[in-house]
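# Report on the structure
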Amino acid sequence: LNYIPAPWTIWAHAKRLEPGHWLLVKNGRVVEKRGYVKLEKELCTGNIREAVESLDKFLQESIRLHLIADVPVGVFLSGGLDSSLIAALAQRVSELPLSTFTVTFPEFKTYDESNYARRVSQHLGTKHQEIPVLAQEAFEAMVEILDHLDEPFADSSLVPLAIISKATSRHVKVALSGDGGDELFAGYNKYQGLWLTKYLRPFVPLLRLTSRLPVPETRGTTIGEKWRQIRKLGNIAGTGSFQRKVRATETIS
């Protein structure tokens, strides 16, 4: 999973409080634990248009509240679905041009999404700043970042996030990010992969044959990345619904 989900931790006899829960401790013992968040089964009973309008209203109100601060506020803009949505709604409720920030990877073009962020910024009219990250800088930052992690965490995005946070702090003291948006709005490639598996089942034997071809799979090149995704699609297309969803998390990212 690349992280340790609640209620587990790295310690055998230590547990984490689950999201949306509270607990009561008396004399050093937990006497009660209860969830305080319960999602309604039907937040909208209308048609799809009414559902979209309702969601837009909730998102805009949430972002408006998060923009309330006595210090300058900005947005981390990657150009993806999540951060672009937040930047768009934040700029809608902001009276002044919003400050947006993105990292660039001059040495790794396949990881560089700054072009998308630039186009979103131009469309919204934000004050945009790009922060280049070199391989050596990322390596040096990793050593410092490890001192701030409470437990093993294998998401490589923590490196550019730490770098952009440090650089952004010279301009704003609060920044909104899009964490969680891809999970809610199917912004990752793995969701497209899961959708494709419905139509690829007849071609599973052909897809699996690709694993025998001497073509390297790597995220370092565009061809290598596409080849990696094709192979992983073949691995999950012939499995059951539950296994497809579980394995897609680690195979199509």
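As shown above, the structure is provided for reference.
Everything in this summary refers to the structure shown in the same document. (Residues numbered from 1 in each chain as written. Predicted model: local features only at pLDDT ≥ 70, side-chain atom pairs only at ≥ 80, totals over all residues. Heavy atoms only, no water.)

### Quick look at the overall build of the chain
How we decide: We count a stretch as a helix when DSSP gives it H or I for four or more residues in a row; a strand needs E for two or more, and each element gets its number in order from the N terminus. Each residue gets one of three labels from its accessible area relative to the maximum for its type: buried under 20%, exposed over 50%, partly exposed in between, using a 1.4 Å probe on protein chains only. Surface exposure here means Shrake-Rupley accessible area, sampled with a 1.4 Å probe, where a residue is shielded only by the protein chains that are shown. The charge count treats Lys and Arg as positive and Asp and Glu as negative. His and the chain ends do not count. Positions of charges follow a simple convention, taking NZ of Lys, CZ of Arg, CG of Asp or CD of Glu.
Per the secondary structure count, the chain includes 10 helices and 6 strands. Overall size of the chain, expressed as C-alpha extent along the three principal axes, is 60 × 50 × 50 Å. Out of the 253 residues in the chain, the part that is buried amounts to 28%. Accessible surface computed for the chain: about 17,700 Å², of which carbon and sulfur atoms make up 58%. Once the 32 positive and 28 negative side-chain charges of the chain are each reduced to a mean point, those two points are 8 Å apart.

### Some words on the sheet that holds strand S3 (residues 73-76)
What counts is decided by this rule: DSSP bridges decide pairing: two strands pair if at least two such bridges lie between them. Between N-to-C directions, angles span 0 to 180 degrees; the directions come from axes that are lines fitted to C-alpha atoms, helices contributing only their stretch in contact. Contacts: residue pairs with any heavy atoms within 4.5 Å of one another.
What the 4 strands build is an open sheet, ordered S5-S4-S3-S6; its pairing is parallel. Two strands in the sheet have a free side with no partner beyond their single neighbour: strand S5 (127-132) and strand S6 (174-176). Each strand of the sheet is rotated relative to its neighbour by a mean of 30°, with strand direction disregarded. Relative to strand S4 (residues 99-104), S3 is paired through 3 bridges, and the arrangement is parallel. Paired with Val75 across the bridge in S4 is Thr100. Here helix H5 (residues 158-168) sits on the sheet and contacts S3, S4 and S5; the angle it forms with S4, its principal contact strand, is near 135°.

### Regarding the packing of helix H1 (residues 48-66) against helix H2 (residues 81-93)
Operational definition: Each angle gets one of four labels, with under 35 degrees taken as roughly parallel, over 145 as roughly antiparallel, 65 to 115 as roughly perpendicular, and the rest as oblique. Asp, Glu, Lys and Arg are counted as charged, while Ala, Val, Leu, Ile, Met, Phe, Trp, Tyr, Cys and Pro are counted as nonpolar; the rest, among them Gly, fall into the polar class.
Taken N-terminus to C-terminus, the directions of H1 and H2 make an angle of 70°; their axes are 9 Å apart at the nearest point. Considered as vectors, H1 and H2 are oriented roughly perpendicular to each other. Two secondary-structure elements touch here, H1 through Asp56, Leu59, Gln60, Ile63 and Arg64 and H2 through Leu85, Ile86, Leu89, Ala90, Arg92 and Val93. The residue makeup of the contact of H1 with H2, split by class, is 7 nonpolar, 1 polar and 3 charged.

### A short note on the nonpolar core
Where we set the bar: Residues belong to a common nonpolar core when they are buried Ala, Val, Leu, Ile, Met, Phe, Trp, Tyr or Cys residues joined through side-chain atoms within 4.5 Å.
One finds Phe101, Val103, Val133, Ile145, Val159, Ile163 and Ile164 to be the most contacted residues of the largest nonpolar core, which totals 14 residues. Sorting the residues of this core by element identifies S4, helix H4 (135-146) and H5 as the ones contributing at least two each. Top element by residues in this core is H5. It accounts for 5 residues. For Phe101, the residues in contact, after removing those within four places along its chain, are Gly74, Val75, Phe76, Leu77, His128, Gln129, Ile164, Thr168, His171 and Val172. Counting residues in hydrophobic clusters, the runner-up holds 13 residues, among them Ile63, Val73, Ala117 and Leu176.

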